[in-house]
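Survey of secondary and tertiary structure
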Amino acid sequence: MLRNTLERAEKAKKKKAALGEDVDIEKFEGEEAGEHEEIESLKELPDKYQKSLLKVGVDPSEAGRAGSFLQVDQSKVCSNCQSEAIELMGLPQALEKYDWVKDYMWNAVPVDTDKYTAKTALGEPGGYFIRSLPGTKEVFPIQACMFISDEKVAQTAHNIIIAEENSELHIITGCSTGSDVQSAMHVGVSEFYLKKGAKITFTMVHNWAEQVEVRPRTGVILDDDTTYISNYILTSPVNTIQTYPTAYCQGENSKVVFQSILGGQKDSVLDAGSRAILTGKNSSAEMITRAVSKDESQIYTRGHLAGKSPDVRGHLECMGLVLSDDSLIYSVPELEGSSTDLELSHEAAVGKIAEEEVLYLMSRGLTEDEAASMIVKGFLSMDIAGLPPELAAETKRMIDLSIQGM
Amino acid sequence: MVVRLLLEITDLAVEVNGKEILKDIDLYIDKGETHVLLGPNGSGKSTLFMAMLGFPKYRVIRGEIIFKEEDITNMTTTERVELGLGVSFQNPPAIRGVKLKDLLNIESSKKGSKPASEELDPETIALAEKLNFSDQFLERDVNLGFSGGEVKRSEILQLLAQEPDFIMFDEPDSGVDIENVELLAEEINVLLDKDKKPGLREKSGLLITHLGYILNFVGANTAHVLMDGRIACSGDPNEILEDIRKEGFKGCVECCGIH
Ligand SMILES: Nc1ncnc2c1ncn2[C@@H]1O[C@H](COP(=O)(O)OP(=O)(O)OP(=O)(O)O)[C@@H](O)[C@H]1O
Ligand SMILES: [Mg+2]
């Protein structure tokens with residue numbers, strides 16, 4: 001890594017994040033990169049791990065997948081790719097293989113963003129490299145999984161995803177912890193680069209243990225005529241999550257869509273936002289969030305649209321249902337227009353379940369609880385747009401599975 | 001032993017938001033009968049249905065409702081429905097993300113002891129076809145963006161899946177085109193056992209209508225006119241409708257004595 005980068009990381013080692021509770025990184029232990037043995041295929045994993053993977057949309061049979069990547073703690077355990085259209089490997093391997101990969105490091109996410117990015121830069125390497133080759137359209141997704149197997153582990157990953165010109169790339173990522181893990185930390189830095197005419201869909205399901213601290217750091221850089229679609233699903237308890245992916249719509253006609261399904265349970269604190277910096281002519285952003293808070297959970301949903309050139313459009317929508325007196329949903333939409341002829345809007349509604357809807361279902365024979373649960377599930381099961389048909393059906397199944405416990 | 005009718009509403013008064021909407025309601029409906037409820041806008045017809053369903057806003061302040069020999073006045077909505085009450089709403093709410101198909105599945109599973117499954121059973125699919133609903137339509141969120149007529153047909157379809165013993169129809173014909181009124185009437189007749197001889201009918205109904213056109217296809221035993229929260233007049237449905245057409249509600253009620 002460049003010396004300059006390392007120096008900046010060193011300086012940011014103690015820098016608190018702008019948002020979210022400050023995590024004491026020292027409480028967790030970094031693992032070594034070679035600790036877990038590599039396998040050829042996810043099929044070789046023990047049954048109990050396979051089950052955890054399935055819950056976050058990662059299919060251990062690898063059926064219908066272009067390739068699979070698994071990182072356990074800090075070790076790359078599996079990386080295989082059947083598609084000719086895509087290159088998949090660990091980031092350290094990519095840095096070795098291609099001289100130019102280093103030029104993509106820390107451009108979409110500044111290394112000195114906060115102590116979490118600094119930790120990722122300075123600690124043991126980890127993460128994946130995915131690149132779709134120019135002009136290719138692989139309909140099957142790459143599946144990637146970040147798994148924490150041990151108590152008190154601090155897992156870091158630095159992922160670089162590049163969609164070359166006129167290529168289409170679909171990624172499913174699942175993050176999970178072993179059933180006996182309670183407390184751990186995950187930092188995932190993901191940098192997406194979309195070249196002219198490229199499209200990436202990125203669907204992420206989180207299913208952490210109850211005391212896990214999660215700090216993803218994501219940046220997306222979009223060139224002309226590109227589309228980036230992010231789907232984020234989190235409905236299981238966690239300690240705290242703070243994430244605020246930022247898309248830089250620099251290219252003309254670039255388009256970004258963030259869709260999030262957030263279910264707060266127990267005393268989880270979810271702080272999830274998305275930001276789009278619209279500088280490209282005619283670029284657009286859409287952000288849709290559905291949030292449901294239960295128990296003592298707190299959900300902060302943030303959205304920031306910055307329109308900086310003419311003819312850009314952005315829409316932000318957050319719908320929240322507060323199901324318990326001790327939980328809260330705090331929606332913070334921000335619109336920033338600094339050019340003429342742009343159109344930015346937002347729409348937010350936070351409330352309780354409509355009594356009229358509950359009574360309607362009760363008058364068809366459902367109990368009050370059944371009715372409420374049906375309404376909540378319906379509310380969360382939003383239609384995910386922009387995926388190829390098979391992947392859309394699969395994602396629908398993933399969402400249905402995730403919201404069963406709500 | 002007193003022989004009780006299927007439904008006995010005695011001296012019922014209902015309050016909404018602190019205002020007494022229904023007063024002194026007496027209504028008796030026996031097994032196999034269909035009654036019609038007429039009355040001007042705002043007279044309290046829908047309120048009576050909501051109160052019979054036990055919706056919390058509609059507070060019973062006097063009187064009682066006996067259904068199948070049980071006092072249901074204080075039961076929850078779910079309990080009343082389990083006992084055999086059913087309703088098609090005048091303006092049902094749309095529920096985002098809840099598909100008509102999911103609802104039909106639950107409704108048809110509640111009546112038997114069938115477990116609810118992912119896919120609809122063939123009988124329910126056949127019912128949907130009879131009401132001119134395509135498979136795709138069943139995938140839509142219930143009542144969301146449904147046209148007026150689609151709402152009414154979907155309500156009747158859900159009742160067909162449910163098969164209640166006593167059914168309240170709140171303006172099933174309002175906003176429905178002539179052909180669809182006939183289609184709906186046909187299914188309402190199925191719901192009310194009209195294909196059986198009067199003495200053999202198990203199902204009963206109470207139907208709210210404004211225009212009465214649907215009564216050309218659905219036979220009714222008695223009609224009641226609700227005015228300002230009171231049943232002002234009861235009698236032969238055709239005669240009463242005729243009076244209302246000629247004399248208006250007020251005139252009809254004034255000459256009610258002769259029925
Ligand atoms: N939830 C409510 N809150 C306030 N007022 C109500 C409510 N429900 C009914 N009312 C009032 O009670 C009265 C009777 O209303 P209801 O809906 O029962 O009339 P209706 O006879 O069904 O009329 P329509 O023929 O127009 O459907 C009206 O004045 C109405 O505004
Ligand atoms: Mg009404």
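The structure we're discussing is the one just above.
Residues numbered from 1 in each chain as written. Chains lettered and ligands numbered in written order. Predicted model: local features only at pLDDT ≥ 70, side-chain atom pairs only at ≥ 80, totals over all residues. Heavy atoms only, no water.

1. A closer look at the overall build of chain B
Counted only if it meets this: Helix and strand assignments come from DSSP, with helices taken as H or I runs of at least 4 residues and strands as E runs of at least 2, each series counted from the N terminus. Radius of gyration here uses only the C-alpha atoms, and the compact-globule reference equals 2.2 Å multiplied by the residue count raised to the power 0.38. A residue counts as positive if it is Lys or Arg and as negative if it is Asp or Glu; His and the chain ends are not included. Charged groups are reduced to one reference atom each: NZ for lysine, CZ for arginine, CG for aspartic acid, CD for glutamic acid.
A tally of regular secondary structure across chain B gives eight helices and ten strands. By the compact-globule yardstick of 18 Å for 259 residues, chain B fits well, its C-alpha radius of gyration being 18 Å. Oriented by its inertia axes, the alpha-carbon framework of chain B measures out at about 55 × 40 × 40 Å. Charge separation in chain B, taken as the distance between the mean sites of 29 positive and 46 negative side-chain charges, equals 2 Å.

2. With respect to the overall build of chain A
Here is the rule: Type-normalised accessible area, obtained with a 1.4 Å probe on protein chains alone, sets the label of each residue: buried when under 20%, exposed when over 50%, and partly exposed for intermediate values.
Scanning chain A for helices and strands turns up seven helices and 22 strands. In terms of overall dimensions, chain A is globule-like: its C-alpha atoms have a radius of gyration of 20 Å, near the 22 Å expected for 406 residues. In terms of principal-axis extent, the alpha carbons of chain A reach across some 65 × 55 × 45 Å. Within chain A, the fraction of its 406 residues that count as buried is 60%.

3. Re the site of ligand 1
Residues and elements named next belong to chain B. What counts here: One heavy atom suffices: a residue is near a molecule or strand as soon as one of its heavy atoms comes within 4 Å of it. Throughout this description, a polar contact denotes any pair of N or O atoms lying within 3.5 Å of each other; where both atoms belong to protein, one of them has to be capable of donating a hydrogen while the other can accept it, and for residues adjacent in sequence the pair is counted only when both atoms sit in side chains. Per-residue accessibility takes into account occlusion by the displayed protein chains alone, with areas from the Shrake-Rupley method and a 1.4 Å probe. All amino acids are sorted into three groups, where Ala, Val, Leu, Ile, Met, Phe, Trp, Tyr, Cys and Pro are nonpolar, Asp, Glu, Lys and Arg are charged, and the leftover types, Gly among them, are polar.
With respect to spatial proximity, 16 residues lie near ligand 1, and among them Gly42, Lys45, Ser46, Thr47 and His210 are the closest. At 3.0 Å from an oxygen atom of ligand 1 is found a side-chain nitrogen or oxygen belonging to asparagine 41. A distance of 2.9 Å separates an oxygen atom of ligand 1 from a polar atom in the side chain of histidine 210. In isolation ligand 1 offers 630 Å² of accessible surface; the protein chains occlude 68% of this area. Examining the composition of the shell around ligand 1, we find that three residues originate from one element, helix H1 (residues 45-53), more than from any other. Looking at the shell around ligand 1, its residues break down into four nonpolar, nine polar and three charged.

4. Quick notes on the coordination of the magnesium ion (ligand 2)
Applied cut-off: Sodium, potassium and calcium take a 3.2 Å donor cutoff, other metals 2.8 Å, and in both cases only N, O and S atoms count; water is not among them, so sites may look incomplete.
Coordination of the magnesium ion (ligand 2) by the protein comes from B:Ser46 (OG) and B:Gln90 (OE1), over a distance range of 2.0 to 2.2 Å. Of the two residues, B:Ser46 sits in helix H1 while B:Gln90 sits in the loop between strand S6 (85-88) and helix H3 (100-111), which places them 44 residues apart along the sequence.

5. Quick look at the pattern of salt bridges
Note the threshold: Salt bridge criterion: a side-chain nitrogen from Lys or Arg within 4 Å of a carboxyl oxygen from Asp or Glu.
Across all of its chains, the model carries 30 salt bridges over all chains by this definition. A salt bridge links A:Asp22 to A:Lys115; its shortest N-O distance comes to 2.8 Å. You can see A:Asp22 sitting in the loop between helix H1 (3-11) and strand S1 (29-30) and its partner A:Lys115 sitting in helix H4 (residues 115-122), a full 93 residues away along the chain. A:Asp22 sits in the partly exposed class, given a relative accessible area of 35%. Among the salt bridges present, the one from B:Asp193 reaches B:Lys196, with a minimum N-O distance of 3.5 Å. Note on B:Asp193: relative accessible area 9%, which makes it buried. The network of salt bridges with shared partners includes A:Glu87, A:Lys97, A:Arg131, A:Glu164 and A:Lys195.

6. Some words on unusual backbone geometry
Residue and element names in this part refer to chain B. A positive phi angle is found at asparagine 132, which is not glycine, with a value near 60°. Topologically, asparagine 132 is positioned in the loop between helix H4 (122-130) and helix H5 (135-138). When its relative accessible area of 55% is taken as the criterion, asparagine 132 is described as exposed. Backbone geometry places aspartate 228, a non-glycine residue, at a positive phi of 50°. Tracing the backbone through its elements, the reader meets aspartate 228 in the loop between strand S9 (222-227) and strand S10 (230-235).

7. Some details on the sheet that holds strand S4 (residues 58-67) of chain B
Residue and element names in this part refer to chain B. Counted only if it meets this: Two strands pair if DSSP finds at least two bridges between them. Whether two residues are in contact is decided by their heavy atoms, any of which lying within 4.5 Å being enough. Angles shown run from 0 to 180 degrees and are taken between the N-to-C directions of axes, each axis being a line fitted to C-alpha atoms and, for helices, limited to the stretch in contact.
Here we have four strands laid out as an open sheet, ordered S2-S1-S4-S5, and antiparallel in their pairing. Two strands in the sheet have a free side with no partner beyond their single neighbour: strand S2 (19-29) and strand S5 (70-71). Pairing of strand S1 (residues 7-16) with S2, which is carried by seven bridges, proceeds in the antiparallel orientation. Across the sheet, the residue bridging to leucine 12 is isoleucine 25, located in S2. Against the sheet, H1 contacts S1, S2 and S4, and its axis sits at roughly 105° relative to S1.

8. Comments concerning the interface of chain B and chain A
Definition in use: By convention, the term buried area covers the 1.4 Å-probe accessible surface removed from two parts as they join, with the contributions of both added.
Facing 27 residues of chain B, the contacting portion of chain A comprises 20 residues. Overall, the association of chain B and chain A removes approximately 1,900 Å² of surface from exposure, summing both partners, and the carbon and sulfur fraction of that is 65%. The interface formed by chain B and chain A includes two salt bridges. Those elements giving two or more residues to the side of chain B that touches chain A turn out to be helix H2 (77-83), S6, H3 and helix H6 (148-162) of chain B. At five residues, H3(B) tops the list of elements feeding residues into the side of chain B that touches chain A. The class makeup of the residues in the side of chain B that touches chain A is 14 nonpolar, eight polar and five charged.

9. Let's talk about the side chain of A:Thr120
By the element assignment, A:Thr120 lies in helix H4. Dropping the residues within four chain positions of it, A:Thr120 is found in contact with A:Trp106, A:Thr156, A:Ala157, A:His158, A:Val187 and A:Val189.

10. Things to note about the nonpolar core
The cut-off we apply is this: Think of a nonpolar core as a cluster: buried Ala, Val, Leu, Ile, Met, Phe, Trp, Tyr and Cys residues, connected wherever their side-chain atoms sit within 4.5 Å.
In terms of nonpolar packing, the biggest core is built from 117 residues, with A:Leu70, A:Leu361, B:Ile9, B:Leu48, B:Ile156, B:Phe166 and B:Phe169 touching the most fellow members. Not counting chain neighbours up to four residues away, the residues in contact with B:Ile9 comprise B:Ile25, B:Asp26, B:Leu27, B:Tyr28, B:Leu48, B:Met52, B:Glu64 and B:Ile65. By size, the runner-up hydrophobic cluster in this structure holds 55 residues, among which are A:Ile86, A:Tyr128, A:Val181 and A:Trp208.

11. Comments concerning the pairing of strand S7 (residues 166-170) of chain B
All names here are of chain B. Here is the rule: When the strands point away from the viewer, a crossover counts as right-handed if the path from the first strand over the helix to the second runs clockwise.
Burial runs high along S7: five of the five residues are buried. Of the two faces of S7, the one carrying Phe166, Met168 and Asp170 and the one carrying Ile167 and Phe169 are both buried. At this point the chain moves from S7, through helix H7 (residues 178-191), to the parallel strand S8 (residues 204-208), and the crossover so formed is right-handed.

12. Some thoughts on the packing of H3(B) against H6(B)
Residue and element names in this part refer to chain B. Threshold: Here is the rule for angles: anything less than 35 degrees is roughly parallel, anything more than 145 is roughly antiparallel, 65 through 115 is roughly perpendicular, and the remaining ranges are oblique.
The geometry of H3 relative to H6 is characterised by a closest axis approach of 7 Å and an angle of 30° between their N-to-C directions. Considered as vectors, H3 and H6 are oriented roughly parallel to each other. Here H3 contributes Leu100, Leu103, Leu104, Glu107, Ser108 and Lys111 to the contact with H6, which in turn contributes Ser154, Leu157, Gln158, Leu160, Ala161 and Gln162. Here the contact of H3 with H6 is composed, by residue class, of six nonpolar, four polar and two charged.

13. Quick look at the environment of B:Lys31
Residues and elements named next belong to chain B. As for its position among the elements, lysine 31 is in the loop between S2 and strand S3 (34-38). Spatially, the C-alpha atom of lysine 31 lies 33 Å from that of alanine 94, the residues being 63 residues apart in sequence. Setting aside its immediate chain neighbours within four residues, lysine 31 contacts Leu6, Arg201, Glu202 and Ser204.

14. Notes on the side chain of A:Thr156
Mapped onto the fold, A:Thr156 is located in strand S7 (residues 153-163). The residues touching A:Thr156, leaving out its near neighbours within four places in the chain, are A:Gln71, A:Gln74, A:Lys119, A:Thr120, A:Glu124, A:Gly126 and A:Val187.

15. Points about the environment of A:Val109
Residues and elements named next belong to chain A. Tracing the chain through its elements places valine 109 in the loop between helix H3 (91-97) and H4. With 118 residues separating them in the primary sequence, valine 109 and threonine 227 have C-alpha atoms 19 Å apart. Not counting residues up to four positions away in its chain, the partners in contact with valine 109 are Thr117, Val189, Ser190, Glu191, Arg217, Thr218 and Gly219.

Remember that the coordinates give geometry; whether it matters functionally is a separate question.
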